[in-house]
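Survey of secondary and tertiary structure
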Amino acid sequence: MQILRTVEELRAWSRSVRCAGKGAIGLVPTMGALHAGHASLIRAAAQQCPGRVAVSIFVNPTQFGPNEDFGRYPRTFVHDCELAESESATVIFAPSVEEMYPSGAATFVDVEGLSERLDGESRPGHFRGVATVVAKLLIAAEPDLAFFGQKDAAQVAVLRRLVADLRIGSRIVVCPIVRESDGLALSSRNVYLSSEERQQALVLSRAVQCIEKLIAEGQRSAASLMEAARAVFAAEAEIRVDYVELVNWETLLPVNTAAPGTLFAVAAWVGATRLIDNTILQ
Ligand code: AMP
């Protein structure tokens, strides 16, 4: 498995693979600190694009706010390479910040409307940073398929809009949320949790399960569903809810009535760690 450091190397790799004409090229963008959730994305990419999968590892500074965890975000490059290789990645793209943001960089991608919703509301500028770096990766790698996790469902909505608006020729593939056996969604930030917080964090997946159960029982009123979800959070006094939302997954705007494809999403602070979870209603 090759490690590429520059955009030029990534572009050259992608073009040579395309010239060889063997099939679709896959890209899996990540910030490293890889876990089983990332592994599932790489596995899906390797199944659909065997021998033609690039995994990017880049802790993107522009998607972190000034008081967020950019500096202490876990960086586990050697482990990441081993995991990516064991899931049959073809190349790793691990650029420097200067490589992705050359001196004087002044171009940013704003997906208006969507960027200010959900996580974008409590993390101003976050989706601008995400959209900018993903646009750069898609332009450089020109993948046929780009793999993202449903874990970051609002991010998926932003990126679908970005790809449609900029007429980028990559298809976004969304992979299911990988969870611990007790329900906690895997996240690189779970390492920040103390053992007590790790228990408290289960309230997020409990809220998701509660909504899935109510939907299965036929409840459709957004007001009732949100009330039920808030009651789940209220039982865990230590948790500070950031948002509990029932939205259209395309527009990220609130709905009055839940329907197939509606996104139920939550974000909450567990101590100093902000976690997210969601479900797409069936
Ligand atoms: P990150 O490294 O956190 O930026 O995540 C890189 C990609 O992995 C994103 O598309 C995430 O949605 C996805 N991802 C993160 N956690 C999970 C998970 N638990 N299950 C599935 N995909 C995930």
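Scroll up to find the structure.
Residues numbered from 1 in each chain as written. Predicted model: local features only at pLDDT ≥ 70, side-chain atom pairs only at ≥ 80, totals over all residues. Heavy atoms only, no water.

A tally of regular secondary structure across the chain gives 10 helices and 9 strands. Here the C-alpha radius of gyration of the chain, 19 Å, is about what a compact globule of 282 residues would show, namely 19 Å. Considering only C-alpha atoms, the chain reaches an extent of 55 × 40 × 35 Å along its principal axes. Within the chain, the fraction of its 282 residues that count as buried is 55%. For the chain, long-range pairs separated by at least 24 residues make up 72% of all intrachain contacts whose partners lie at least 6 apart in sequence. Only carbon and sulfur atoms are counted for the fraction: they give 51% of the accessible area of the chain, which is about 12,800 Å². Between the centroid of the 27 positive side chains of the chain and the centroid of its 32 negative side chains there is a distance of 4 Å. (Helix = DSSP H or I, 4+ residues; strand = E, 2+ residues; numbered from the N terminus. Rg over C-alpha atoms; globule rule 2.2 N^0.38 Å. Buried < 20%, exposed > 50% of the residue type's maximum accessible area, 1.4 Å probe, protein only. Contact = heavy atoms within 4.5 Å. Areas by Shrake-Rupley, 256 points an atom, 1.4 Å probe, with all protein chains shown as cover. Lys, Arg positive; Asp, Glu negative; His and termini not counted. Charge placed at Lys NZ, Arg CZ, Asp CG, Glu CD.)

Each full turn of the α-helix corresponds to 3.6 residues, which orients residues three or four apart in the same direction. For helix H6 (residues 126-141), spanning 16 residues, the distance from its first C-alpha to its last is 23 Å, which sits close to the expected 22 Å at 1.5 Å a residue. Most of H6 is tucked away: 13 of the 16 residues are buried. Of the residues flanking the end of H6, it is Glu-142, one or two places downstream, whose phi is positive at about 45 degrees. (Expected span 1.5 Å × (residues − 1).)

Moving on: the sheet that holds strand S6 (residues 171-175). A sheet is described by the order of its strands in space; here 6 strands give the open sequence S1-S4-S3-S2-S5-S6, paired in parallel fashion. Only two strands of the sheet have a single neighbouring strand rather than two, namely strand S1 (2-4) and S6. The average undirected angle you get between the axes of adjacent strands in this sheet is 25 degrees. For strand S5 (residues 145-149) and S6, the ladder comprises 5 bridges, and the chain directions are parallel. By the bridge assignment, Leu-145 is partnered in S6 with Arg-171. Across the sheet, helix H2 (residues 36-48) touches strand S2 (26-30), strand S3 (53-57), S5 and S6, and the angle it forms with S5 is around 155 degrees. In the packing of H6 onto the sheet, the strands contacted are S2, S3, strand S4 (91-93) and S5, and the crossing angle to S2 comes to about 155 degrees. (Pairing = 2+ DSSP bridges. Axes fitted to C-alpha atoms, helices over the stretch in contact; angles between N-to-C directions.)

Across all of its chains, the model carries 15 salt bridges by this definition. We note a salt bridge from Asp-144 to Arg-18, for which the minimum N-O separation is 3.3 Å. Remark: Arg-18 occurs in helix H1 (residues 7-20) and Asp-144 occurs in the loop between H6 and S5; sequence separation between them is 126 residues. Put simply, Asp-69 and Arg-189 hold a salt bridge, and the shortest N to O gap is 2.8 Å. Here Asp-69, found in the loop between S3 and helix H3 (77-86), pairs with Arg-189, found in the loop between S6 and helix H8 (195-200); they are 120 residues apart in sequence, far enough to count as distant. Judged by its relative accessible area of 16%, Arg-189 falls in the buried class. (Salt bridge = Lys/Arg side-chain N within 4 Å of Asp/Glu carboxyl O.)

Moving on to the nonpolar core. Within the largest apolar cluster, 48 residues are counted, with the highest numbers of intra-cluster contacts made by Leu-162, Leu-252 and Leu-263. Elements with a contribution of two residues or more to this core: H1, S4, H6, S5, helix H7 (153-165), strand S7 (239-248), strand S8 (262-270) and strand S9 (273-280). Broken down by element, the residue count for this core peaks at 10 residues, all from H6. Ignoring sequence-local partners within four residues, the contact set of Leu-252 consists of Leu-114, Arg-117, Leu-118, Ala-154, Ala-157, Val-247 and Leu-263. (Core = buried A, V, L, I, M, F, W, Y, C linked by side-chain atoms within 4.5 Å.)

So, on to the side chain of Gln-155. Looking at the element boundaries, Gln-155 is found in helix H7. Setting aside chain neighbours within four positions, we find Gln-155 in contact with Phe-127, Val-130 and Phe-148.

Let us now look at the site of the ligand. Around the ligand, the surrounding shell holds 17 residues, and the nearest of these are Met-31, Gly-149, Asp-152, Val-178 and Leu-186. Gly-149 is positioned with one of its backbone polar atoms (N or O) 2.9 Å from an oxygen atom of the ligand. At a separation of 2.9 Å, a nitrogen atom of the ligand approaches a polar backbone atom of Leu-186. The fraction of the free accessible surface of the ligand (480 Å²) that becomes covered by protein chains is 92%. Elements that contribute at least two residues to the shell around the ligand include exactly S2, H2 and S5. Considering every element that reaches the shell around the ligand, the biggest residue donor is H2, with 3 residues. Tallied by class, the residues present in the shell around the ligand amount to 9 nonpolar, 6 polar and 2 charged. (Near = heavy atom within 4 Å. Polar contact = N/O pair within 3.5 Å; in protein donor to acceptor, adjacent residues only side chain to side chain. Nonpolar A, V, L, I, M, F, W, Y, C, P; charged D, E, K, R; others polar.)

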